[in-house]
Amino acid sequence: MNQWIVNFAYFLDSYAPYCKTKKFIYNILENNKYPYKKYFDYLMMLMVILSIYILIRHVKHEVSSSWVFFNNYIISLFFLCEYILRLWAYSNNSKIIIEQYESDLFLHRKFNLSAAIKTITKQKMAFIVSPAAIIDLLAIMPFFHEFRVFRVFILFRVLKIFRYAKGVQRLISILSSKRFELLILGMITMIVIVVSSVLIYVMEATNPKSPINTLFEAVYWSVVTIFTVGYGDIVPITPEGRVVAMLVIVSGIAVISFATSIVVSAFTEKLDEIKEDRLIDDVRGMERFYLICGYSNLTYAVVERFKKTNKQIIIVETDPVKIKQAQNEGMVVLNFDSASLHAYHSMQIHLDKQVIAVILLQESDVANIYTALTIRGLSKHVPLCSVLHSPKNRKKLSLAGIDQVVNPHELVGIISRRVGTQPVVVDVIHALQSGHGGTIVDEIVLDNDMSERFYELLLHPLFYRRLSMLGIYQTRLENFVFNPDSSFKIISGDVAIVVANHSLISEFRNLLHKKRVL
């Protein structure tokens, strides 16, 4: 039974339609960078608004049975499906089983299915008890319309809008950065409310002419007064009560001022981040532009040339002084390290589709080389131009995958000629192996019955001369055999050390186990 579960897990992990479907579901539900997610969010917000409208309309007007059915069943069923899909996509069960199996196999232990199930349950429960999932579950409650008490939970559908409204999510994120200050504010406010309620109750409740006769009325008056609403429906009439009222009014102003300062400071601290996010969203929507790495006087001259041809320019720079200078000159600047792989994922730029050419204008050849290697790891075809600071580094820049290397006196003229004729389309003629970014050394745990299949796969056209086996580590003998031939006997628990692209190794591992299923 355990072996069947493991084989099925390997099958699911390598079954392309299943993986593609799960990735699509995850992107449409959770990935804010996915271009089609916003349409799903709009649909969900529309359903929430319709549901609340039907609830409000039903209070004093008759609602047709079709609308009631649509609200009680169709919308609720849609929310139920969404909840189940979120639960399914939250974690990868097959991956957990595979990792547990390979870990036990490596340590020569029997496969511990219960440990894998425990891990799966723990991850699923983390989703179930999350605030967003609880709101989703409460929004499904109106589905059980026979139990009329559950209809009140339809109001929780309003909270579901928070999940899909990016602006609300950003507001919550900003306020959450001031959790401690807001907690202190809440405690102070509660203390003021309790003290003022008790004081006004003691001062007013004994007077038969006073409108404050119960503790609830005292609390109501305190809340209305502290937050400076001042309805005037309940007012103290005794001199002592009015003294308390004056103290409460002053305390309320202090509480409001404290709350305002917290919110303002939170937005001030996050203002640059908010602007950066908005700028990234704008860049992601651009169709074709030039990417310039580094800002200097030369950059200004290049940008001025581009402006005459109405070309869009994006500058990447990390120096705050240079960023401010470029922004003052009306340029679009992203505060990222151009040599960092993570930066391009954060900027959400598709180099092949959006970038006409990348121009490296940083202050050293070394920085330009690192940036070129990073970009070549992401794209083999995007044209690269670089300024040359030292003639001895020209060959190094070319080997890093840069198509055009020029000195500062040549660069402006070359770019000007290219812009004036047609977009830069230059095939890559040089690339370093290290520049492909993705070649790794990995370990594959083997069974004792994998020997024949393992060597067969090494000769498969997909892996031949693309995936290299350094050797096999014999865990029981604690011995490493370098580049063994096909006659070498593999024992359960042995580890093959392979070198290849990450995706190629993943496909090799999946096919190795997939044959067991087939």
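The structure we're discussing is the one just above.
Cut-offs and rules
- Sequence order sets the numbering: in each chain, residues are counted from 1 along the sequence as written.
- Per-residue local features of the predicted model are confined to residues with pLDDT of at least 70, and side-chain atom pairs are confined, for both listing and counting, to 80 or more; whole-chain, interface and lining totals are unaffected and use all residues.
- Computation of side-chain values covers all heavy atoms of the structure but excludes hydrogens and water.
- Burial status follows relative accessibility: with a 1.4 Å probe on protein chains alone, a residue under 20% of its type maximum counts as buried, one over 50% as exposed, and anything between as partly exposed.
- In this description a helix means any DSSP run of H or I spanning at least four residues, a strand means any run of E spanning at least two, and both kinds are numbered starting from the N terminus.
- When DSSP finds two or more bridges between two strands, those strands count as paired.
- Handedness of a crossover: with both strands directed away from the viewer, a clockwise path from the first strand across the helix to the second marks it as right-handed.
- Axis angles are defined between N-to-C directions and span 0 to 180 degrees, where every axis is a line fitted to C-alpha atoms and, for a helix, only to the segment in contact.
- For classification, angles of less than 35 degrees are called roughly parallel, those exceeding 145 degrees roughly antiparallel, those between 65 and 115 degrees roughly perpendicular, and all remaining angles oblique.
- The sense of a crossing depends on the near helix, which, turned anticlockwise from the far helix by less than a right angle, makes the crossing left-handed and, turned clockwise, makes it right-handed.
- Pairs of residues are marked as contacts when any of their non-hydrogen atoms sit within 4.5 Å.
- Charged residues are taken to be Asp, Glu, Lys and Arg, nonpolar residues to be Ala, Val, Leu, Ile, Met, Phe, Trp, Tyr, Cys and Pro, and polar residues to be all remaining types, Gly included.
- Note on definitions: salt bridges are taken to be side-chain nitrogens of Lys or Arg within 4 Å of carboxyl oxygens of Asp or Glu.

Undergrad: Which residues make up the pairing of strand 4 (residues 355–360), and what values do they have?
TA: Every other side chain in a regular strand lies on the same face of the sheet, so the side chains alternate between the two faces. Of all 6 residues in strand 4, 6 are buried, a share of seventy percent or more. Of the strand pairs in this sheet, strand 1 (residues 289–293) and strand 4 are connected by 5 bridges, and their pairing is parallel. Across the sheet, residue Cys293 finds its bridge partner in strand 4, namely Leu360. Where strand 4 meets strand 5 (residues 384–387), 3 bridges bridge the pair, whose relative direction is parallel. The residue bridging Ile359 from the neighbouring strand is Cys385, located in strand 5. For the segment spanning strand 4, helix 17 (residues 365–378) and strand 5, crossover handedness is right-handed.

Undergrad: Before we move on, could you go through the packing of helix 1 (residues 2–14) against helix 5 (residues 93–106) and cite the residues and values that matter?
TA: It is at 9 Å that the axes of helix 1 and helix 5 come closest, and there the two elements cross at 125°. The angle between helix 1 and helix 5 falls in the class oblique. Our pair here, helix 1 against helix 5, has a crossing hand that is left-handed. Of the residues in helix 5, those touching helix 1 at Gln3, Ile5, Val6, Ala9, Tyr10, Leu12 and Asp13 are Ser94, Lys95, Ile97, Ile98, Tyr101 and Glu102. Looking at side-chain class alone, the contact of helix 1 with helix 5 contains 8 nonpolar, 2 polar and 3 charged residues.

Undergrad: Outline the pattern of salt bridges, listing residues and values.
TA: In total, this model carries 8 salt bridges according to the counting rule given. Note that Asp13 is salt-bridged to Lys95, the shortest N-O span being 3.4 Å. Here Lys95 lies in helix 5 and Asp13 lies in helix 1, a separation of 82 residues in the sequence. Look at Asp13 and you get buried, because its relative accessible area is 13%. Asp403 is the partner of Arg376 in a salt bridge, and the nearest nitrogen-oxygen pair spans 3.1 Å. On the criterion of sequence distance, the pair formed by Arg376 in helix 17 and Asp403 in the loop between helix 18 (394–399) and strand 6 (404–406) is long-range, its members being 27 residues apart. Accessibility expressed as a relative area gives 5% for Arg376, which makes it buried. Three or more residues are tied together by salt bridges with common partners; here these are Glu30, Glu82 and Arg86.

Coordinates in, geometry out; function isn't part of it.
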